[in-house]
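Residues per chain are reported as follows:
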Amino acid sequence: MLPTLRQLQYLKLLAEHGSFSRAAEAAHVSQPALSSGVQELERILGAPVVERTRGQITLTAVGAEAVRRAEDVLARTEDLVEAARNAGKPLSGRFRLGVIPTIAPFLLPSRLPRLKTAHPGLKLFIREDLTPRLVGELKAGRLDAAVIALPYSAAGLDHARIGDDAILAVAPADHRLAGAASVKSGQLKSDDLILLEDGHCLRDQALAALSLDAPKGEDVFAATSLHTLVQMISSGLGVSFLPEMAIKAGLADAPGVVVRPLAGGPGGGPSREIVVAWRKGSSRAAEARLLADELRLD
């Protein structure tokens, strides 16, 4: 016998919620029905998948491996159902899209209206989050595609290009670098910098491009958003980096803030590549490519 999709779904929900009652509620079944399904799964696998101790649920090694494989099986099954429902109708029906915070507020407002006009049957659900979590959601099948920035190492994903987005230096108007036509990497020191908090790929991409280390110490302040970062720069607290799309959207139009290009080699200053990424083997790959065309940078 083989596990059923329902049994795999029960185990996945149990892993997510850590409780038989909450997993049963999420599955819209009674708790005895879910418990029975998990027990039958254990009988088929020949090993326990969960340990029940003092009201707590812990996955066994077999259970953890089963959840990992179940996520892939369930994601591919959902892909199959969605593809069948929307056969011959690209970008229609539900489409779950992740977008990183350093792109979402600057790209989506100008693109979503025309996307809706071009594909009126599309029901777009958007989740804004950091790249590592979006990649995890893609691999688990909880997202159909995500707009992220490269370089970023993400095995198991394919992607289609939206365009390049330059990374620029932003400094207080009275800073020593404000009078320069461009900023060279040697002119910047870690102590000059205020950055986004760890986990934002823009932070890592800018530092890597300029061969800089992130500032260290207990007193280092990290911004949670680009809007907060600009306010800090405007207050004279340091120098940072912004993507060109944010500057074009007017984010740096704050008093006491100047924008300067970062000097680079023959190819110009540093930039990030904006892409739509999806899980390899996804039946919605063609739609993700079409979405990248619709979101392409001018």
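Everything numeric in this text was worked out from a predicted model, so none of it was measured. (Residues numbered from 1 in each chain as written. Predicted model: local features only at pLDDT ≥ 70, side-chain atom pairs only at ≥ 80, totals over all residues. Heavy atoms only, no water.)

### Some details on the layout of surface pockets
Then comes step 1: Taken as a whole, the largest pocket spans an internal volume of roughly 520 Å³.
Then comes step 2: Together, 22 residues line the largest pocket, and Gln9, Lys12, Leu74, Thr77 and Glu78 are the ones closest to its centre.
Then comes step 3: Looking at the lining of the largest pocket element by element, the count peaks at eight residues for helix α4 (residues 61-85).
Then comes step 4: Residue composition of the lining of the largest pocket, grouped by class: eight nonpolar, four polar and 10 charged.
Then comes step 5: Of the voids in this model, the second largest pocket is the one considered here, and its volume is about 280 Å³.
Then comes step 6: If you trace the second largest pocket, you find 17 residues lining it, with Arg111, Met245, Lys248, Leu297 and Asp298 closest to the centre. (1 Å grid on protein atoms, 1.4 Å probe; cavity = no way out; pocket = protein on both sides within 12 Å on 5 of 7 lines; lining within 4 Å. Points joined across faces, edges and corners; volume = space filled by probe spheres on them. Helix = DSSP H or I, 4+ residues; strand = E, 2+ residues; numbered from the N terminus. Nonpolar A, V, L, I, M, F, W, Y, C, P; charged D, E, K, R; others polar.)

### Let's talk about the environment of Tyr152
Then comes step 1: For Tyr152, the location among the structural elements is in the loop between β5 (145-150) and β6 (157-172).
Then comes step 2: Judged by its relative accessible area of 30%, Tyr152 falls in the partly exposed class.
Then comes step 3: Tyr152 sits 53 residues away from Gln205 along the chain, and the two C-alpha atoms are 8.7 Å apart.
Then comes step 4: What Tyr152 contacts, discounting residues up to four positions off in sequence, is Thr131, Pro132 and Val135. (Buried < 20%, exposed > 50% of the residue type's maximum accessible area, 1.4 Å probe, protein only. Contact = heavy atoms within 4.5 Å.)

### Here we look at the pattern of salt bridges
Then comes step 1: Applying the stated criterion across every chain, the model contains 19 salt bridges.
Then comes step 2: Glu65 is paired through a salt bridge with Arg68; the nearest N and O atoms lie 2.7 Å apart. Placement of both Glu65 and Arg68 in helix α4 is noted, with a separation of three residues, approximately one turn of the helix.
Then comes step 3: A salt bridge links Asp293 to Arg296; its shortest N-O distance comes to 2.6 Å.
Then comes step 4: On the accessibility criterion, Arg296 (32% relative accessible area) is partly exposed.
Then comes step 5: Each of the salt bridges in this network shares a partner with another, and the network as a whole consists of Lys12, Glu16, Glu71, Arg127, Asp129, Arg133, Glu137 and Arg142. (Salt bridge = Lys/Arg side-chain N within 4 Å of Asp/Glu carboxyl O.)

### Quick word on the pairing of β5
The two faces of a sheet get side chains in turn, since along a regular strand they alternate between them.
Then comes step 1: When you tally the buried positions in β5, you get six out of six residues, the bulk of the element.
Then comes step 2: The alternating pattern of β5 places Ala145, Val147 and Ala149 and Ala146, Ile148 and Leu150 on opposite faces, both of which are buried.
Then comes step 3: Where strand β3 (residues 93-99) and β5 come together, three bridges link them in parallel fashion. In the strand pairing of β5, Val99 is matched with Val147.
Then comes step 4: In terms of strand pairing, β5 meets strand β11 (residues 271-279) through five bridges, oriented antiparallel. The partner of Leu150 across the bridge, within β11, is Glu273. (Pairing = 2+ DSSP bridges.)

### What to know about helix α8 (residues 226-234)
Then comes step 1: For α8, the set of buried residues is Leu226, Leu229, Val230, Met232 and Ile233. Viewed end-on, α8 has its buried residues packed into an arc of 160 degrees, placing them on one side of the element.
Then comes step 2: Downstream of α8 by one or two residues, Gly236 has phi in the positive range, about 85 degrees. (Arc of directions from axis to C-beta.)

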